[in-house]
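Structure at a glance
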Amino acid sequence: MITVEAHGDLAVLRLDHGKVNALDLELCEAISRTVSSLVADGLIITGAGQAFSAGVDLRRVVEGGANYVADFLPALSKAFLAIFDCPRPVIAAVGGAAIAGGCVIAAAADYRIMSAGRIGLTELLVGVPFPVAALEIVRHAVGHHAQRLINTGALLDAPTAQSVGLIDEVVEPDDLLDRALTRATALSRIPPAAFAMTKRQLHRPARSRIEATRGVDDPKVTALWQSPKALSNIADYLETLRQSRVQHSGGRWIRRAD
């Protein structure tokens, strides 16, 4: 589900879960557990295959229904916060699609490097709201751009994402990991106590908003995700994605391979 590669005093966490590293209960728990337990001077989070993470595993949500949502959403927020709160430098190396929850994972990092794919926040297009932690992490990362990115659900290429602060640096695919390691090495040379303190100071406004509102908002978010209407919207969205894989070619309809 997650592989960990040691590079000197740094650790590379590679999401390796299905075709697109979709976020389900088990992967969220693995992210929290791995980030919290690792002993390293800096972390690089990246994805196996051609995706960083395509976001929440919506099929699991539809199949599991309300009971699954009740377990999943807290685990999702915990995974985001494990990355956001990590006192060590965290670099996101985005080499493919980083959509919805995958985008939030990248936004939770201290520095984001992208080489391919698209990145964006599609939750409202699916018909579900953001847990408080996800919303505030995105607001911290992109400031006043958050409202437009969230309301439109736009999927951005790397240069466009860099122009709004969602990505810090754009590199060629072959350079992605090396560049992430270089940036992590530079940040890890900062005295750890000073880095951790400064990170807490930078994150304090977002963290204060999370703690002030999650007790009120997150139960409402969960109820909306659990509602029959939301589950129906998610099922419809999945069907739209399935239909988008059908392509007209040579006068007949064919289905592209997943």
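Shown above is the structure to which this text applies.
The next thing to look at is empty space enclosed by the protein. Summed over all chains, the structure comprises one cavity of 30 Å³ or more. The volume enclosed by the largest cavity comes to roughly 40 Å³. When contributions to the lining of the largest cavity are tallied by element, the ones reaching two or more residues are β2 (10-15) and α1 (25-37). By residue class, the composition of the lining of the largest cavity is seven nonpolar, no polar and no charged.

Taking 1.5 Å per residue, 13 residues should reach 18 Å; helix α8 (residues 176-188) reaches 18 Å between its end C-alpha atoms and fits that length. The set of residues buried in α8 consists of Leu-176, Ala-180, Leu-181, Ala-184 and Leu-187. Down the axis of α8, the smallest arc covering the buried residues is 130°, so these residues share one side. On its buried face, α8 is in contact with β1 (2-7), β2, β3 (42-47), β5 (90-94), β7 (111-114) and α9 (192-226).

Attention now moves to the sheet that holds strand β10 (residues 169-170). Strands sit in the order β1-β2-β3-β5-β7-β10 across an open sheet of six strands; the sheet is mixed. Since the sheet does not close on itself, it has two edges, and those belong to β1 and β10, each with one partner. Examined bridge by bridge, β2 and β3 share six bridges and lie parallel to one another. Residue pairing for β3: Arg-14 is matched across the bridge by Thr-46.

Calculation criteria
Residues numbered from 1 in each chain as written. Predicted model: local features only at pLDDT ≥ 70, side-chain atom pairs only at ≥ 80, totals over all residues. Heavy atoms only, no water. 1 Å grid on protein atoms, 1.4 Å probe; cavity = no way out; pocket = protein on both sides within 12 Å on 5 of 7 lines; lining within 4 Å. Points joined across faces, edges and corners; volume = space filled by probe spheres on them. Helix = DSSP H or I, 4+ residues; strand = E, 2+ residues; numbered from the N terminus. Nonpolar A, V, L, I, M, F, W, Y, C, P; charged D, E, K, R; others polar. Expected span 1.5 Å × (residues − 1). Buried < 20%, exposed > 50% of the residue type's maximum accessible area, 1.4 Å probe, protein only. Arc of directions from axis to C-beta. Contact = heavy atoms within 4.5 Å. Pairing = 2+ DSSP bridges.

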